[in-house]
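Observations on the model geometry
Okay, here's what each chain looks like letter by letter:
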Amino acid sequence: MRLKDKITIITGAGSGIGRATALLFAREGACVLAADIDGDKATRVTAEINNDGGRAEALAADIAEEADARRIASRAAELWGRVDVLVNNAASFHHKRVEDADRADWEKAWSVNVLGTSLCSRYAAEIMKKQGGGAIVNIASINGLIAMPDWMTYNASKAAVIEMSKSMAMDLAPFHIRVNCVCPGVTDTPALQRAIEELGASREEVIKAYIEPQCLIKRFGKAEEIAPAILFLASDEASYMTGATVVVDGGYTT
Ligand SMILES: NC(=O)c1ccc[n+]([C@@H]2O[C@H](COP(=O)([O-])OP(=O)(O)OC[C@H]3O[C@@H](n4cnc5c(N)ncnc54)[C@H](O)[C@@H]3O)[C@@H](O)[C@H]2O)c1
């Protein structure tokens, strides 16, 4: 087991990539605190884990709220005595073009993706420092590497997550806390389904227009294909990795 008895926190664990990561971490022996703004979704995931013989607790929390970010870290420590791994996965998919984006739009994209990621890291790192180490995995996106049309505010927020991960790696290395970043490509999750519906297109039309011309593996990724990269970076197998950006995108950005 690659995370045996590790105390792990996954934000946005109620759906998509966060859910797949929570299920995988639990199978690898971790205790999982599944934090999500939607407490019911988090509870469904933890029930699945616990029914399967794993160890998980759900927490309803909005990472953009500082008190909640602090509560996420302190709840894991209260339950299990430490925090070994934080996966900053929760995100807002709020996106606008430059002509349309006002302060409120920027604040929506920024408060969850950038501020929330930073605050959760801050409070988890306080605990990790005291115990002598830990690992943080931030989920950015290929949108932070190459811009996608009409998604300016989200693209910029994910570029910030990539850069922020490197800064965190520098700041936290003296405390034996590794920080790495995963950039998923277009992945088949409820968030993608919502984006397809917004476009008013069918899945087949989206694959033809956006995936086939650009993605070497000509299909959407699956959440279960992103989670193993997160597991690797969270585990001791990645003991010599920090400040890295790992792209899992079927060759989209090649
Ligand atoms: N699906 C993709 O194509 C794709 C591509 C690249 C990157 N990503 C990234 O992967 C991560 C997961 O995306 P997904 O597709 O699984 O999304 P999803 O919408 O399926 O799941 C996201 C979860 O985060 C929760 N959440 C949202 N805002 C929150 C907040 N403020 N506090 C706590 N929880 C909150 C939601 O309730 C939801 O359960 C995100 O960081 C996203 O940017 C996704």
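It should be emphasised that the depicted structure is a prediction, and the values quoted were computed from it without experimental measurement.

Some remarks on the packing of helix α3 (residues 66-80) against helix α4 (residues 103-131)
At a minimum axis separation of 8 Å, α3 and α4 run at an interaxial angle of 35°. Crossing of α3 over α4 shows right-handed handedness. Listed contacts from α4 to Glu 66, Ala 69, Arg 70, Ile 72, Ala 73, Ser 74 and Ala 77 of α3 are Leu 119, Cys 120, Arg 122, Tyr 123, Ala 124 and Ile 127. Here the contact of α3 with α4 is built from residues that sort into nine nonpolar, one polar and three charged.

Examining unusual backbone geometry
With a phi close to 60°, Asp 5 is a non-glycine residue in the positive phi region. The topology assignment puts Asp 5 in the segment before β1 (7-11). In this structure, Asp 150 takes a positive phi of about 75° despite not being glycine. Position of Asp 150 among the secondary structure elements: in the loop between β5 (134-139) and α5 (152-172).

Examining the site of the ligand
In the region of the ligand, 29 residues are neighbours, and Ser 15, Asp 36, Asn 89, Tyr 154 and Thr 189 sit closest. Between the ligand and the protein, one listed contact pairs a nitrogen atom with a backbone N or O atom of Ile 37 at 3.1 Å. Against a free-state accessible area of 830 Å², the protein chains account for coverage of 93% of the ligand. Only α1 (16-27), α5 and α6 (190-199) provide two or more residues apiece to the shell around the ligand. Looking at the shell around the ligand, the element that brings in the most residues is α6, giving three residues. Tallied by class, the residues present in the shell around the ligand amount to 15 nonpolar, nine polar and five charged.

Details of the pattern of salt bridges
Side chains that differ in charge, positive against negative, can pair when their charged atoms come close. One pass over the full model with this rule turns up 17 salt bridges. Of the charged contacts, one joins Arg 55 and Asp 5 as a salt bridge, the two residues approaching to 3.0 Å between their closest N and O atoms. Taken together, the positions of Arg 55 in strand β3 (residues 55-60) and Asp 5 in the segment before β1 put the pair 50 residues apart, joining distant regions of the chain. A relative accessible area of 38% places Arg 55 in the partly exposed class.

Cut-offs and rules
Residues numbered from 1 in each chain as written. Predicted model: local features only at pLDDT ≥ 70, side-chain atom pairs only at ≥ 80, totals over all residues. Heavy atoms only, no water. Axes fitted to C-alpha atoms, helices over the stretch in contact; angles between N-to-C directions. Helix = DSSP H or I, 4+ residues; strand = E, 2+ residues; numbered from the N terminus. Left-handed = near helix turned anticlockwise from the far one by under 90°. Contact = heavy atoms within 4.5 Å. Nonpolar A, V, L, I, M, F, W, Y, C, P; charged D, E, K, R; others polar. Near = heavy atom within 4 Å. Polar contact = N/O pair within 3.5 Å; in protein donor to acceptor, adjacent residues only side chain to side chain. Areas by Shrake-Rupley, 256 points an atom, 1.4 Å probe, with all protein chains shown as cover. Salt bridge = Lys/Arg side-chain N within 4 Å of Asp/Glu carboxyl O. Buried < 20%, exposed > 50% of the residue type's maximum accessible area, 1.4 Å probe, protein only.

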